[in-house]
Amino acid sequence: MAIDSGTGSIVDRFRSVVERNRERPAITFRDYGPTGDFEDRTLTFGAVESAVLDLAAGIEAHPGDRIALLLPPSEHYPLSYLATLYAGGTAIPLAPPEYGKIEHLADCLRDAEPTVVVTTGDYLPAVRRMLRDQGLDGVRQVLVADDIEPGSGAGWEPVARAGSDLAHLIYTSGSTGTPSAVMTTHRSVLANVAECDRAYGFGDDTVAVSWMPFSFAMCLFIKVLGPLMAGGHGVYFAAQAFIQDPLRWLAVMSETGATVSGAPNFAYERLLTSIGAADLSGIDLGSLRTLINGGERMNPDTMAQVQKALEPLGLPAAAATPSYGCTEASLAAAKPVDTDYVVSEFDAAHLEVGRVRPPAGVARTLVCCGTATGQTLAIVDPDTGSPVAPGTVGEIRLAGDSVADGYWRRPEKTAEVFVVDADGRRWLRSGDLGFLHDGGLYIAGRLKEVVIVNGRNIHPPDVDATVQALEGVLAVAVYGYEVAASEELACVVETAETDPAAREALRKQIVRAVSRTFDVRLGGVDLVEPGAIPRATNGKISRQSTKKQYGPQSV
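The model shown is predicted, which means the values in this text are computed figures rather than measured ones.

Asks: It is not clear to me how the sheet that holds strand β9 (residues 207-210) should be interpreted in this structure. Could you clarify?
Replies: What holds strands together in a sheet is hydrogen bonding between their backbones, with the strands either parallel or antiparallel. Reading across from one edge, β2-β1-β10-β9-β11-β12-β13 is the order of the 7 strands in this open sheet, with mixed pairing throughout. The sheet is open, and its two edges are formed by β2 (38-44) and β13 (320-322), each paired on a single side. Taking the axes of each pair of neighbouring strands and ignoring which way they run, one obtains an average angle of 20° across the sheet. Bridge count between β9 and strand β10 (residues 233-236): 4 bridges; the pairing is parallel. In the sheet register, Ser210 faces β10, and the bridge partner there is Tyr236. In this fold helix α7 (residues 217-230) packs onto β1 (25-32), β9, β10, β11 (260-263) and β12 (290-293), with an angle of close to 140° to the strand it touches most, β10.

Asks: Would you mind showing me how to read the pattern of salt bridges here?
Replies: Side chains that differ in charge, positive against negative, can pair when their charged atoms come close. Going through the model one piece at a time under the given rule, you end up with 23 salt bridges. Here Arg289 ties to Asp205 by a salt bridge, and the two come within 3.4 Å at their closest N and O atoms. A residue pair is termed long-range when its members are at least 10 positions apart, and Arg289 in the loop between α10 (265-275) and β12 and Asp205 in the loop between α6 (186-200) and β9 qualify at 84 residues. For Arg289, a relative accessible area of 39% corresponds to the partly exposed category. One salt bridge in this structure joins Arg507 and Glu504, with 3.4 Å as the shortest N-O distance.

Asks: Would you explain the environment of Val11 in this entry?
Replies: Tracing the sequence through the fold places Val11 in helix α1 (residues 10-21). You can call Val11 buried: its relative accessible area is 5%. Here the alpha-carbon distance between Val11 and Ala318, two residues 307 residues apart in the chain, equals 34 Å. With residues near it in sequence (within four places) discarded, Val11 still touches Leu85, Tyr86 and Pro158.

Asks: Any chance you could explain a negative patch on the surface here in plain terms?
Replies: A cluster of acidic residues, Asp122, Asp146, Asp147 and Glu149, forms a negative patch at the surface. Of note, Asp122 is situated in the loop between β5 (116-119) and α5 (124-133).

Asks: I would appreciate a short explanation of the packing of α10 against helix α11 (residues 300-310) in the present structure.
Replies: The description of two helices packed together rests on the angle between their axes and the distance between the axes. The interhelical angle for the contact between α10 and α11, taken along N-to-C directions, is 45°, at an axis separation of 10 Å. Compared by their axis directions, α10 and α11 come out oblique. Of the two possible hands of crossing, α10 and α11 adopt the one that is left-handed. For the pair α10 and α11, contact is made by Asn265, Tyr268, Glu269, Leu272 and Ile275 and by Thr302, Met303, Gln305, Val306, Ala309 and Leu310, respectively. Tallied by class, the residues present in the contact of α10 with α11 amount to 7 nonpolar, 3 polar and 1 charged.

Asks: Any chance you could explain the nonpolar core here in plain terms?
Replies: Within soluble globular proteins, side chains that are nonpolar generally end up buried alongside one another. Membership of the largest hydrophobic core comes to 98 residues, with the highest contact counts inside it found for Tyr81, Trp211, Trp249 and Leu250. The contact partners of Leu250, leaving out residues within four places of it in the chain, are Leu271, Leu280, Ile283, Leu285, Leu310 and Leu313. Counting 24 residues, the second-largest nonpolar core is a separate cluster that includes Ala106, Leu109, Ala181 and Met183.

Asks: Would you mind showing me how to read the packing of aromatic side chains here?
Replies: Geometry of an aromatic ring pair is reported as the spacing of the ring centres plus the angle between the planes. Counting across every chain of the model gives 15 aromatic pairs. Between the aromatic rings of Trp211 and Trp249, the centroid separation amounts to 6.0 Å while the plane-to-plane angle is 85°, which identifies the pairing as edge-to-face. Taken together, the positions of Trp211 in the loop between β9 and α7 and Trp249 in helix α9 (residues 247-256) put the pair 38 residues apart, joining distant regions of the chain. Residue Trp211 shares its accessibility class with Trp249, and that shared class is buried. In textbook terms, an aromatic cluster arises when at least three aromatic residues are bridged by ring pairs, as seen for Trp211, Phe242, Trp249, Phe266 and Tyr268. The ring of Phe38 has Arg30 lying over it, and the distance from NZ or CZ to the ring centre is 3.7 Å.

Asks: Teacher, can you tell me more about the side chain of Ser180 here?
Replies: With respect to the helices and strands, Ser180 occurs in the loop between β7 (166-171) and β8 (181-185). A polar atom in the side chain of Ser180 sits 2.9 Å from the side chain of Lys413.

Asks: Help me understand unusual backbone geometry, please; the structure alone is not making it clear to me.
Replies: If a residue is not glycine, its phi is most likely negative; likewise, a peptide bond is most likely trans. A positive phi is found at Arg409, a non-glycine position, where the angle reads about 55°. Its place among the elements puts Arg409 in the loop between β20 (406-407) and α13 (411-417). For Arg409, a relative accessible area of 40% corresponds to the partly exposed category. A positive phi is found at Asp519, a non-glycine position, where the angle reads about 60°. Position of Asp519 among the secondary structure elements: in the loop between α15 (500-518) and β28 (522-528). When its relative accessible area of 60% is taken as the criterion, Asp519 is described as exposed.

Asks: How should I be thinking about the pairing of strand β6 (residues 141-144) in this particular structure?
Replies: Side chains Gln141 and Leu143 of β6 all project onto a buried face; the interleaved residues Val142 and Val144 project onto the opposite face, where all are buried too. One crossover worth recording links β5 to the parallel β6 by way of α5, and it is right-handed.

Asks: Looking at this model, I keep getting lost on the pairing of β12. Mind explaining?
Replies: In the case of a regular strand, side chains alternate between the two sheet surfaces. Neither face of β12 is open: one carries Thr290 and Ile292, the other Leu291 and Asn293, and all of them are buried. Handedness of the crossover is the feature at issue here: the chain leaves β11, passes through α10, returns alongside β12, and the resulting connection is right-handed. Bridging between β12 and β13 involves 3 bridges; their strand directions are parallel. Bridge pairing in β13 links Asn293 to Pro322.

Asks: I tried to follow the side chain of Ser402 on my own but got confused; where do I start?
Replies: In this structure, Ser402 sits in the loop between β19 (394-399) and β20. Exposure remark for Ser402: the relative accessible area of 1% places this residue in the buried category. Setting aside its immediate chain neighbours within four residues, Ser402 contacts Ser188, Ala191, Asn192, Glu195, Glu328, Ala329, Ser330 and Gln375.

Asks: For this particular structure, what's the right way to read helix α3 (residues 76-86)?
Replies: The periodicity of an α-helix, 3.6 residues per turn, causes residues three or four places apart in sequence to face the same way. Counting buried positions along α3 yields 11 of 11 residues, so the element is predominantly enclosed. Taken as a whole, α3 has its buried residues at His76, Tyr77, Pro78, Leu79, Ser80, Tyr81, Leu82, Ala83, Thr84, Leu85 and Tyr86. Gly88, located one to two residues past α3, shows a positive phi value of around 85°.

Asks: Help me out: how do you make sense of the environment of Gly325 in this one?
Replies: Structurally, Gly325 can be placed in the loop between β13 and β14 (334-335). Measuring from C-alpha to C-alpha, the distance between Gly325 and Pro390 comes to 22 Å, with 65 residues separating the pair along the chain. Setting aside anything within four residues of it in sequence, one finds Gly325 in contact with Ser330, Leu331 and Ala333.

What counts and what doesn't
Residues numbered from 1 in each chain as written. Predicted model: local features only at pLDDT ≥ 70, side-chain atom pairs only at ≥ 80, totals over all residues. Heavy atoms only, no water. Pairing = 2+ DSSP bridges. Helix = DSSP H or I, 4+ residues; strand = E, 2+ residues; numbered from the N terminus. Axes fitted to C-alpha atoms, helices over the stretch in contact; angles between N-to-C directions. Contact = heavy atoms within 4.5 Å. Salt bridge = Lys/Arg side-chain N within 4 Å of Asp/Glu carboxyl O. Buried < 20%, exposed > 50% of the residue type's maximum accessible area, 1.4 Å probe, protein only. Patch = residues over 30% accessible without salt bridge, like charges linked within 9 Å, V, L, I, M, F, W, Y side chains within 5 Å. Areas by Shrake-Rupley, 256 points an atom, 1.4 Å probe, with all protein chains shown as cover. Lys, Arg positive; Asp, Glu negative; His and termini not counted. Charge placed at Lys NZ, Arg CZ, Asp CG, Glu CD. Parallel < 35°, antiparallel > 145°, perpendicular 65-115°, else oblique. Left-handed = near helix turned anticlockwise from the far one by under 90°. Nonpolar A, V, L, I, M, F, W, Y, C, P; charged D, E, K, R; others polar. Core = buried A, V, L, I, M, F, W, Y, C linked by side-chain atoms within 4.5 Å. Phe/Tyr/Trp six-rings, centres within 6.5 Å; stacked < 30°, edge-to-face > 60°. Lys NZ or Arg CZ within 6 Å of the ring centre and 35° of its normal. Polar contact = N/O pair within 3.5 Å; in protein donor to acceptor, adjacent residues only side chain to side chain. Right-handed = clockwise from strand over helix to strand, strands pointing away.

Right, here's the structure in full:
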């Protein structure tokens, strides 16, 4: 069933889906034990609504109250999200205290001022302790999602909400200072899900598999709300289970007949290191229609290797695909449609100064993210907002129904990022640099990530890719730091190499590779043990946290 953004609330739309699919499976959570054994817990659409009604009936909140979700990965997370909306509240998807820095979590809660916190019994002591120690006395109720009496919500009716009411606040994963939450209405959520449907073809035969944290927008929109709103089936397991054994991802997709899944590029690199000589004889990926690479820049070499490794397992040729989007607009703002993704080379020197030209010297290889799926997409001068000439790099801006309302209690930032043009149309400034080539969108970098070295515009993800390709490099984070009135690049590299001579040889190889490819000198290289680079809860490398932890280095 195609998803229509329409009007009304998420609850209205979901209840209509439940009526048509009451006995069909809606949610499965695979819970892995410490020895690798697992338990699958499946709820039908009818069982989901019953559980949601039971939980919502126990929420003591007024319409519009913020309700913080501090739950570990389990079926209780999507149930609690829906229950918050049924109760008329605004959901704040977060992780429980043990899953992140308590100080940052507490800052988010102070910013949002929730009146209710939903958690599970295992995390109740930690949540109560955090609320007490951090002085978060505005929370009136702590509700335990896995301790609700079945049937307690029988006859309870959801609180009526309009499409213009807030559905949730999502704190962006890159927050390092003052927390910043994206405000999204019911109408924007439904428009976002409709765009994901146009991009990925959700229907009642959809089986979406995800291990990404439920608090991440990519999981919430594409893997949870997408299949639920179409009458499909969402299958989930914890990010930690993937990190422990990436091959579990393949096993779950195979066993459930997954039609759609995806993750950021780093996850595919982890998967490739695990495949090696593993026995994959029982894996069948023939049901996959879409395997998304999104959330960070896609490395074409990585996906080519993934395609080669998974084709013998039945992965269809056109399944692997890039996807461009952002939390403030659409998670599927652009995607290749009915075609394989395209990889193109451009002249690196010209790209540095904002021109798109065929390679005449050193080339940069970029992946085409396809065309807009429903929003209006424009490439403009970041200073003036005027459209750039063809063959020019500019800032990507998006307009449409799925664009968020702004940032919670951040009017200045909202005015800076959400702008109105002379015709009265509202646009999101994505902060991404890109260009159109043969009708397709290419991402060139981030406005704020650009490091200016000797007058050269260097994009750290490009340097990451160069270093990552070297033998012995397990993971890498490149960042810029200020030296007097200029900037230099530093590089932190994870390696399993312990021999001093081999480590020094790798260090020199890294310096030479960066110098040869970008014609800049690395200001510092630090070789660290596997796992030492800071990561977010989903395993994605945090460039800013790495910079904060390691600072300037020396070659």
